[in-house]
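Listed here are the chains, written in short residue letters.
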Amino acid sequence: MMDTPSILERAHREDYGRIVATLIRVLDSDFGAAEEVVQEAFAAALKQWPREGVPREPAGWLMRVARNKAVDRMRRSARLEARVGALEAVAPSVDDAEWQTFPDDSLRLLFTCCHPALSPEAQVALALRCLCGLTTEEIARAFLVSPATLAQRLVRAQRKIRTARIPYVIPEPEALAERTEGVLHTLYLVFSEGYAATDGPALLRVDLCEEALRLARLARSLLPGDAEVASLRALMLLHHSRRRARVAADGGLVLLDRQDRSLWDGAQRDEGLAELEAALAMGARGPYTVQAAIAALHAQAPCAEDTDWAQIAALYARLVELTPGPVVALNHAAAVAMARGPEHGLSLVDDLEASGRLADSHLLPAARADLLRRLGRKDEAVSAYRRALARVRTAPERRFLEARLREQLAE
């Protein structure tokens, strides 16, 4: 039986965003107040549940307590009587099974966070903070900025939403197009941070991946005819289906060619493949479709040796055209190395290094080290592994690189 902290951790992971989203709506887009009362509700649960017992529906209890705390706050201000009425209409008894059918405001919050009046950085930061419950420090690490800078960015974005009276709504159909691109980009970045964390002790943040998938499912139901929404959901499902095989028992990184494919989630893989088929039938040709097609080729290969690397390299070349960037170029180089040999991939990596891009990332020297290792150029590989170790920021990737370096030094 799980203890109170474990149950609360699960509730925070699965339901924090839904609760905050609802309270932001009824508090007239007061992001700060909504987050504060939800945090107070979690603190109250930590004190009360060990003494009184865990409620049958923890998320419903948290919603009700957060609402009550918001009502108490609003009653202290006579000019906010209208808000009190709205709050009292929210979740009067959702501490039972009603939570499962309680209206989900998450998509409304996501579209508000992704309003074109906000910068792309602010959009993603707000989504990570309000929907995913990440701390300011965690988001700052992902953005490579100080917590103080990130906190100011969040405050400015929240203030802009309130002062500009940005409506807390899902846009009308004619306005959806200009907002959908930002929503998809935000979901993609949220999932990416979960799939390959930029910092910290763990390689994966499964909670972020699953929140991105939940929101993508909501977006898919809202926009059933949007091919890129289907493509993005396919991409997420196909990647997430490999989660159990990507991490070793000690928490270390397991490369794709070493993964136990019996650990892949077959149902999730099949759902991802079906979503990709649906997207292609709608004429999808965008960057999420190309990435999903690459993931599908990996998913369909019975073993690593059967992977169609030539087609994957061709798809990455197309992705470079659609979304030129150093990480995409590096992935293209790795695919070329698998399809045509490490010397061809190394040539592309050398060109990328000469461009000065990815200068602060461990990814480029790590890729270069692997290609040099495969070519038998031991001393150069050792030097590249050391450069990668000087830049890596997650513990599992550090352990992986250290193991590869030891192998080279032992030869």
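Note: the structure precedes this text.
These figures come from a predicted structure and were not determined experimentally.

1. Notes on the packing of helix 11 (residues 227-240) against helix 14 (residues 287-300)
Phase 1 of the analysis: Close contact between helix 11 and helix 14 brings their axes to 8 Å; oriented N to C, the two are set at 30°. Here helix 14 runs roughly parallel to helix 11, going by the angle between their axes. In this structure, helix 11 crosses over helix 14, and the sense of that crossing is left-handed. Contacts from Glu-228, Ser-231, Leu-232, Ala-234, Leu-235, Leu-238 and His-239 in helix 11 reach Pro-287, Tyr-288, Thr-289, Gln-291, Ala-292, Ala-295, Ala-296 and Ala-299 in helix 14.

2. With respect to the environment of Ala-142
Phase 1 of the analysis: For Ala-142, the position within the fold is in helix 7 (residues 136-143).
Phase 2 of the analysis: As for Ala-142 and Ala-125, which are separated by 17 residues in sequence, their C-alpha atoms are 9.4 Å apart.
Phase 3 of the analysis: Not counting residues within four places of it along the chain, the set of residues in contact with Ala-142 comprises Glu-193 and Thr-198.

3. A look at the packing of aromatic side chains
Phase 1 of the analysis: Summed over all chains, the structure comprises four aromatic pairs.
Phase 2 of the analysis: Centroid distance Trp-49 to Trp-61: 5.2 Å. Interplanar angle 70°. Geometry classified as edge-to-face. Note that Trp-49 is positioned in helix 2 (residues 31-52) and Trp-61 in helix 3 (residues 58-75), a separation of twelve residues in sequence.
Phase 3 of the analysis: By relative accessible area, which is 2% here, Trp-49 ends up buried.
Phase 4 of the analysis: Judged by its relative accessible area of 9%, Trp-61 is buried.
Phase 5 of the analysis: One Lys or Arg, Arg-242, reaches over the ring of Trp-264 and ends 5.8 Å from the middle of that ring.

4. Things to note about the packing of helix 16 (residues 326-340) against helix 18 (residues 363-374)
Phase 1 of the analysis: Interhelical geometry of helix 16 versus helix 18 gives an angle of 10° and a closest axis separation of 11 Å. Between helix 16 and helix 18, the angle is such that the two are roughly parallel. Contact with helix 16, carried on its side by Leu-330, Ala-337 and Met-338, involves Leu-363, Leu-364, Ala-367, Leu-371 and Arg-374 of helix 18 and no other residues of that element.
Phase 2 of the analysis: Tallied by class, residues from the contact of helix 16 with helix 18 come to seven nonpolar, no polar and one charged.

Here is what the cut-offs are and how they apply
Residues numbered from 1 in each chain as written. Predicted model: local features only at pLDDT ≥ 70, side-chain atom pairs only at ≥ 80, totals over all residues. Heavy atoms only, no water. Axes fitted to C-alpha atoms, helices over the stretch in contact; angles between N-to-C directions. Helix = DSSP H or I, 4+ residues; strand = E, 2+ residues; numbered from the N terminus. Parallel < 35°, antiparallel > 145°, perpendicular 65-115°, else oblique. Left-handed = near helix turned anticlockwise from the far one by under 90°. Contact = heavy atoms within 4.5 Å. Phe/Tyr/Trp six-rings, centres within 6.5 Å; stacked < 30°, edge-to-face > 60°. Buried < 20%, exposed > 50% of the residue type's maximum accessible area, 1.4 Å probe, protein only. Lys NZ or Arg CZ within 6 Å of the ring centre and 35° of its normal. Nonpolar A, V, L, I, M, F, W, Y, C, P; charged D, E, K, R; others polar.

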